[in-house]
Amino acid sequence: SNYVSILTHTRFRKLLVTQIPAIRLIGIKENIFVNYLKTDYSPHYYEIGYGIENVFRLFRIELVQSFYDNEIGDFGVRIGVSTSFGD
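This one's a predicted model, so the numbers in the text were calculated from it and none came from an experiment. Counting restarts for each chain: residues are numbered from 1 in the order of the written sequence. In keeping with the predicted nature of the model, local features appear solely for residues at pLDDT of at least 70, side-chain atom pairs appear and are counted solely at 80 or more, and the whole-chain, interface and lining totals rest on all residues. The side-chain quantities take in all heavy atoms of the structure and omit both hydrogens and water.

## Examining the pattern of salt bridges
For this analysis, a salt bridge means a side-chain nitrogen from Lys or Arg found within 4 Å of a carboxyl oxygen belonging to Asp or Glu. Counting across every chain of the model gives 4 salt bridges. Measuring nitrogen to oxygen at the nearest pair gives 2.9 Å for the salt bridge that ties Glu 53 to Arg 11. One end of the pair, Glu 53, is in strand β3 (residues 45–55); the other, Arg 11, is in strand β1 (residues 3–12), with 42 residues separating them in the sequence. When accessible area is computed with a 1.4 Å probe and restricted to protein chains, residues below 20% of their type maximum are described as buried, those above 50% as exposed, and intermediate ones as partly exposed. Classification of Glu 53 by relative accessible area gives buried; the value is 3%. For Arg 11, a relative accessible area of 32% gives the class partly exposed. Among the salt bridges present, the one from Glu 62 reaches Arg 60, with a minimum N-O distance of 3.2 Å. Among the ionic contacts, a cluster of salt bridges with common partners joins Glu 47, Arg 60, Glu 62 and Arg 78. A run of DSSP states H or I qualifies as a helix once it reaches four residues; a run of E qualifies as a strand once it reaches two. Both are numbered from the N-terminal end.

## Re the environment of Phe 75
Relative to the elements of secondary structure, Phe 75 occurs in strand β5 (residues 71–81). Taking the C-alpha atoms as reference, Phe 75 lies 9.4 Å from Glu 47; in sequence the two are 28 residues apart. Non-local contacts of Phe 75, meaning those with residues more than four positions away in its chain, are made with Leu 63, Val 64 and Gln 65. We call two residues in contact whenever any of their non-hydrogen atoms come within 4.5 Å of each other.

In structure tokens form, the structure reads like this:
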């Protein structure tokens, strides 16, 4: 079947918590992202989120709000392994 998927991700050196020099110097980076998915059998699905990378030099924490056809969906917290290499 057909689908459309769009993933955007922007990393900031100074956004919210990285305005504090001590936080920025330990390698914390902030991200804003928007994800979109549409299939033939599902509504328009969006995710908008804010994330912090390199927590303890290993983890990523994201706050995510979802939307289905412009209706507010679920809110969640995701914890993952940060996979940035070569920065």
